[in-house]
Amino acid sequence: MTAPVRTVGMIGLGAMGAPMAHNLMKAGFAVSEWARLPESARLQVEAGARVADSPAALARDCDGVITVVTADADVRAVLLGPRGVIEGARPGLLAIDHSTIAPSTARACAAVLAERGVDCLDAPVSGGEGGAIAGTLSVMAGGSAQAYARAEPLFAAIGRTRVHVGASGAGQVAKAANQLALCVTLQAIAEALCLAERHGCAPRAVLDAARCGLAASRILEVMGPRMADGDHRAGVESRLHWKDLRIVLEIAREAGVPLPGTALATQSFSALQAAGGAKLDSSALITVLRTGGSRSAGVAGEPAA
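All values reported here derive from a predicted model rather than from experimental measurement.

**Remarks on the overall build of the protein chain**
The helix and strand inventory of the protein chain stands at 14 helices and nine strands. Taken over C-alpha atoms, the radius of gyration comes to 20 Å for the protein chain, in line with the 19 Å a tight globule of 305 residues would show. On the principal axes, the C-alpha backbone points of the protein chain span a range of 65 × 45 × 40 Å. Among the 305 residues that make up the protein chain, the fraction classed as buried is 49%.

**As for the side chain of Ser238**
Within the secondary structure, Ser238 is located in helix H12 (residues 238-255). By relative accessible area, which is 0% here, Ser238 ends up buried.

**Some details on the pairing of strand S8 (residues 137-143)**
Burial analysis of S8 places six of its seven residues in the buried class, the great majority of the element. Across two bridges, the pairing between strand S6 (residues 119-122) and S8 is antiparallel. Residue Asp122 lies in a different strand from S8, and its bridge partner there is Gly142. When S8 meets strand S9 (residues 159-166), the two strands line up parallel, connected through six bridges. Of the residues in S9, the one forming a bridge with Val139 is Arg162. Once you follow S8 into helix H8 (residues 145-158) and on to S9, the crossover reads as right-handed.

**Observations regarding the packing of helix H9 (residues 170-198) against helix H13 (residues 260-274)**
It is the contact of H9 with H13, at a shortest axis distance of 9 Å, that shows an interaxial angle of 70°. Between H9 and H13, the interaxial angle falls into the category roughly perpendicular. Between H9 and H13 lies a crossing of left-handed hand. Here Leu180, Cys183, Val184, Leu186, Gln187 and Glu191 of H9 lie close against H13, whose contacting residues are Gly261, Thr262, Leu264, Ala265, Ser268 and Phe269.

**Structural notes on the packing of H9 against helix H10 (residues 203-210)**
For the pair H9 and H10, the least separation of the axes is 9 Å and the interaxial angle reads 125°. One finds that H9 runs oblique with respect to H10. Handedness of the H9/H10 crossing: right-handed. Packed against H9, whose contacting residues are Leu193, Ala196 and Glu197, the element H10 presents Pro203, Val206 and Leu207 at the interface. Residue composition of the contact of H9 with H10, by class: five nonpolar, no polar and one charged.

**Topic: the packing of aromatic side chains**
Applying the stated criterion across every chain yields a total of one aromatic pair. Between the aromatic rings of Tyr148 and Phe155, the centroid separation amounts to 5.8 Å while the plane-to-plane angle is 50°, which identifies the pairing as tilted. The residues Tyr148 and Phe155 share a single accessibility class, namely buried. The ring centre of Trp242 lies 3.8 Å from the NZ or CZ of Arg246, which sits over that ring.

**Some words on the confidence of the model for the protein chain**
For the protein chain, mean pLDDT is 92; residues scoring 70 or higher make up 92% of the total. The low-confidence segment residues 294-305 (pLDDT under 50) makes 25 contacts with residues lying over four places distant or belonging to another chain.

**Here we look at the pattern of salt bridges**
For the structure shown, the criterion picks out 13 salt bridges. Residues Arg290 and Glu197 are paired through a salt bridge, measuring 2.7 Å at the closest nitrogen-oxygen approach. You can see Arg290 sitting in helix H14 (residues 285-290) and its partner Glu197 sitting in helix H9, a full 93 residues away along the chain. Relative accessible area serves as the criterion here: at 25%, Glu197 is assigned to the partly exposed category. The partner of Glu250 in a salt bridge is Arg253, and the shortest N-O contact between them spans 2.6 Å. A residue pair is termed a helical-turn pair when its members lie 3 or 4 positions apart in one helix, as Glu250 and Arg253 do in helix H12 at three residues. Residue class for Glu250 comes out partly exposed when judged on its relative accessible area of 35%. Residue Arg253 is classed as exposed on the basis of its relative accessible area of 57%. It is possible to trace a salt-bridge network through shared partners that takes in Asp208, Arg211 and Glu221.

**Topic: the state of the cysteines**
One pass over the structure, following the stated rule, counts zero disulfides. Considering cysteine sulfurs only, Cys109 is the nearest to Cys120, which forms no disulfide, with 8.1 Å between them. With relative accessibility at 15%, the residue Cys120 sits in the buried group. We note that Cys183 lacks a disulfide partner, and the nearest cysteine sulfur, in Cys194, lies 17 Å from it. On the basis of relative accessible area, Cys183 is assigned to the buried category, the value being 0%.

Calculation rules
Residues numbered from 1 in each chain as written. Predicted model: local features only at pLDDT ≥ 70, side-chain atom pairs only at ≥ 80, totals over all residues. Heavy atoms only, no water. Helix = DSSP H or I, 4+ residues; strand = E, 2+ residues; numbered from the N terminus. Rg over C-alpha atoms; globule rule 2.2 N^0.38 Å. Buried < 20%, exposed > 50% of the residue type's maximum accessible area, 1.4 Å probe, protein only. Pairing = 2+ DSSP bridges. Right-handed = clockwise from strand over helix to strand, strands pointing away. Axes fitted to C-alpha atoms, helices over the stretch in contact; angles between N-to-C directions. Parallel < 35°, antiparallel > 145°, perpendicular 65-115°, else oblique. Left-handed = near helix turned anticlockwise from the far one by under 90°. Contact = heavy atoms within 4.5 Å. Nonpolar A, V, L, I, M, F, W, Y, C, P; charged D, E, K, R; others polar. Phe/Tyr/Trp six-rings, centres within 6.5 Å; stacked < 30°, edge-to-face > 60°. Lys NZ or Arg CZ within 6 Å of the ring centre and 35° of its normal. pLDDT = per-residue confidence, 0-100. Salt bridge = Lys/Arg side-chain N within 4 Å of Asp/Glu carboxyl O. Disulfide = S-S within 2.5 Å.

Quick look at the structure:
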């Protein structure tokens, strides 16, 4: 029987990773950290975390390693690259990746690490920065039942909902499906508010009515007011949802599944990137619909591309 995880190495201390690390410490886990930008670890160090000089060092010294980074290339680098986790890995290490990446990348990394006796889970999360801070994330995990059982106490520290979706890569497929539903709904909310505005209706009044009907949803509750008020500073940067949509379309192409709604939402997100809105909250999607997707329009005070 593989020993339970008590010491955790954390790689990636951004808007999601930092509060996740804090919640792991609150739950009693000994946390060590590595970040490309050392200042990212300052608050966790003040709370008792240790700092390692490389991902390999974390793997040598910890029972489990968690990654929360941005893109496929980042995951490959910290897991399999020079001074990466693989260089310090030993049989029995548990590797959990909470990043949102392509399922094929998750499977490939897991296969390489398995040769070193490492248990791997791709376990992307949903719930945003607020959920990471509150410890109420939704965790969707792919990998073996044994690895999931070992990870469950860690997941309980960061998430309210934890689901073992299936084999390696399944967690990323589930996250892709989640992002599909989220982003297509954002497109629909933006279209609905634009239509209402053109007919002289106050967006806030339309939202109040929609909240009481079948259109009510968490996305409408959070993102609708941001769209109505033109406040696109908070939340997830649109470039990240744009990245996720491209993953969705790629795995749909691989499976031969037509996704016309996703294709349309991706076009709108692409227009938002071109208009200078990459680092704005995804509620800024409404701005490209208001301007017809013009590259020259600019976005909510951001310079046009």
